[in-house]
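# Architecture at a glance
If you want the building blocks of each chain, they are given just below.
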Amino acid sequence: MKRREKIDKTVHLQVDIAGIRLKNPIMPASGTFGYGEEYAPYLDLNSLGAIVTKGLSLHPKAGNNTPRVCETVGGMLNAIGLQNVGIEHFIYQKMPFLKQFDTPVIVNFFGNTQEEYGEVAARLDELPGVAGLEMNISCPNVKHGGIVFGTDPKAAFATVAAVRKKTSKPLIVKLTPNVTDIQVTARAVEEAGADAISLINTLTGMAVDVKTRRPRLANTIGGLSGPAIRPIAVRLVHQVVQAVKVPVIGIGGISRAMDALEFLIVGATAVQVGTANFVDPNAMATIIADLETFCLAEGVDDINELIGSLKV
Amino acid sequence: MKNHKTIVLSNQEISPGYFRMRILAPDYNRLARPGQFVMFRVQRSLLPLLRRPFGIFRAGFMPADCDTMPPKEFIEIIYKVVGSGTEIMQGLHHGDPVELLGPLGAGFDLNLTSGDSMLVGGGIGLVPLYMLAESIADPSRAEVLIGGRSRDDIIMVTEFERLGVKTFVSTEDGSLGDVGLVTHVLEQRLEQKPKARVFACGPMPMIRAVEKICRSKGVQLQVSMEELMACGVGACLGCVIKGEGHTSEKPNFLCTCKVGPVFNASDLAWNDCDSGGDVSDGDGCGCGDKQ
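Residues numbered from 1 in each chain as written. Chains lettered and ligands numbered in written order. Predicted model: local features only at pLDDT ≥ 70, side-chain atom pairs only at ≥ 80, totals over all residues.

## A short note on the overall build of chain B
What counts here: Counting from the N terminus, the helices are the DSSP runs of H or I reaching at least four residues and the strands are the DSSP runs of E reaching at least two. The globule rule is 2.2 Å times the number of residues to the power 0.38, and the radius of gyration it is compared with is taken over C-alpha atoms. To sort residues by burial, count the other C-beta atoms lying within 10 Å of each one's C-beta; a count of 20 or more means buried, 12 or fewer means exposed, and anything in between means partly exposed. C-beta atoms are built from the backbone. Note that contacts rest on C-beta atoms placed from the backbone: two residues are in contact if these are within 7 Å.
Of regular secondary structure, chain B possesses six helices and 16 strands. By the compact-globule yardstick of 19 Å for 291 residues, chain B fits well, its C-alpha radius of gyration being 18 Å. In terms of overall dimensions, chain B has a C-alpha envelope of 55 × 45 × 35 Å along the principal axes. Each of the 291 residues in chain B was classed as buried or not, and the buried ones make up 50%. By sequence separation, contacts in chain B at least 24 residues apart represent 66% of the contacts at least 6 residues apart.

Quick look at the structure:
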């Protein structure tokens, strides 16, 4: 009898991010899941909370020279250089595929100038089937000496405010962790009109081949991701949750349900899985199933009970 | 394309530092084509974290453990121990759990093997050429040119000979076969068979030399390339290679994992000045562990 009860019980995994209803709090991190179709043979895209696309720009972008990736202890460095097909190609060649799924599509985008950000946002705003936009502010501003938008709170504010004018769709701003005080940036983008904040983008890092004495990436410096960065990411999400009222999406080294739960407990409403997709194309499906198992075992009926339940 | 949680069937050292691993792999006989690869995960740990690409040496069947069971399907990969990942691999035994994602990528174009074929393999680069040799309808019209630094780097000659293809071995130090580079042998053989199509896999300097020879003689060439990759399915964009006509304004980056690993040489950007402005600086073929 007791056993039967346990089987009948279901867990409410749905969460809400700025009006986007997610079946569960699990979605891929931009740049690790292509445009969805790459992983469709391995994973049911309908099972995901959302699909987040590779970052798009106004025009196609070539990206960096190779080597672009290298493994480090418990993680990897990448310097892809934001290679992407450009917004027009995406609209006509990639979006039709994504529209067939009953899963919200969040389109990640970036620009080289404030104007470019605005233009891409305007284009995406009118595009049916796009549930929300995720704005990557971790790229350099070519008009202002290459200073990364996201490391200067004033530039971050101005860029987000400019994009906000161009779209009424839910706007998620993805923060770089490579700043002195993440709370300052988080407050700036919230004030500028962000509906949600996602973090963290990769931490800048570098690795050297000691025999050739060359950097292991053609770009010299890259972004570190993978399990190695998780404690840093959890700390930063914790700090941002304290600083803002908008929902937060946690990212950084999540490869198991237990990792995702850490982020939810410190206050993230949803999480993104990145490098783990490369290691196991089925990683997100496993995480979703294990989240449910965890909730059943812990007597949690609704995953929202766990969000921000940190005891300090 | 599937991720199999499977087991090692056998793992033997075939030449000093070179191992041949047989892995249980359902469906691979039906699905795997010559030149394709698998993303191999050695263990569920953080070291190494990412999978590594290995070219498929061959796919086959072996008898089941008892009469009532269907035969077991397997694939074989061949690897050289070069780093921490392959060091773990050399210690694996029958029954050890591993994961295979695949078969992945585009293989060799079998339509090109109707006439004379020349298969050029340098060291571990020989691996993906075996399935190609197996698929050639008339093996007597195919020649396999096998090169390596020394005799230890010359693997699988007997296996190729059993298929009925002619083999030519050369080593840089002359410890086995002719003295010199495999590319010299290629030049000589193309004198004899000027209409042959060439299929090559090996270290990058060899690939470059083969491409130069084939271009100057107007011979059609397919090459199997290697790049560092994280996902193997075209998502990470780590393994791109410059395609024909690539410029920074009009990028033509091709994923080695998805468009390749086998390319028509004419579809790639070759640049004789070695400035790094052309195809990868990798050290050969989609079949080894580079860590």
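## Description of the interface of chain B and chain A
Note the following rule: In this classification, Asp, Glu, Lys and Arg are treated as charged, Ala, Val, Leu, Ile, Met, Phe, Trp, Tyr, Cys and Pro as nonpolar, and every other residue, Gly included, as polar.
Contacts between the two partners involve 26 residues from chain B, matched on the other side by 30 residues from chain A. In terms of residue class, the side of chain B that touches chain A is made up of 17 nonpolar, seven polar and two charged.

## Notes on the nonpolar core
Heads up, the rule is: When buried Ala, Val, Leu, Ile, Met, Phe, Trp, Tyr and Cys residues are joined through C-beta atoms within 7 Å, the set is termed a nonpolar core.
One finds V173, I197, V237 and V271 of chain A together with L119, A133 and V210 of chain B to be the most contacted residues of the largest nonpolar core, which totals 180 residues. In contact with V271 of chain A, other than residues within four places in its own chain, are P25, I26, I249, G250, I251, I254, A260, F263 and L264 of chain A.

## Quick notes on the confidence of the model for chain B
Residues and elements named next belong to chain B. This is how it is decided: Think of pLDDT as the predictor's per-residue confidence, scored from 0 to 100.
Per-residue confidence for chain B gives a mean pLDDT of 88, with 93% of residues at or over 70. Confidence drops under pLDDT 50 across residues 273–291; counting only partners more than four residues distant or on other chains, this segment forms 75 contacts. For this predicted complex, the interface confidence reaches an ipTM of 0.89, while the overall pTM sits at 0.90.

## Notes on the sheet that holds strand β8 (residues 117–122) of chain B
All names here are of chain B. Stated precisely, the cut-off is as follows: We treat two strands as partners when DSSP finds at least two bridges between them.
Here seven strands make up an open sheet; going across it, the order is β11-β10-β9-β8-β12-β13-β16 and the pairing mixed. On the outer flanks of this sheet lie β11 (178–179) and β16 (262–264), each paired with one strand and no other. As defined by bridge partners, β8 adjoins strand β12 (residues 197–201) across five bridges and the pair is classed as parallel. Each bridged residue has a counterpart across the sheet, and for M118 the counterpart in β12 is V198.

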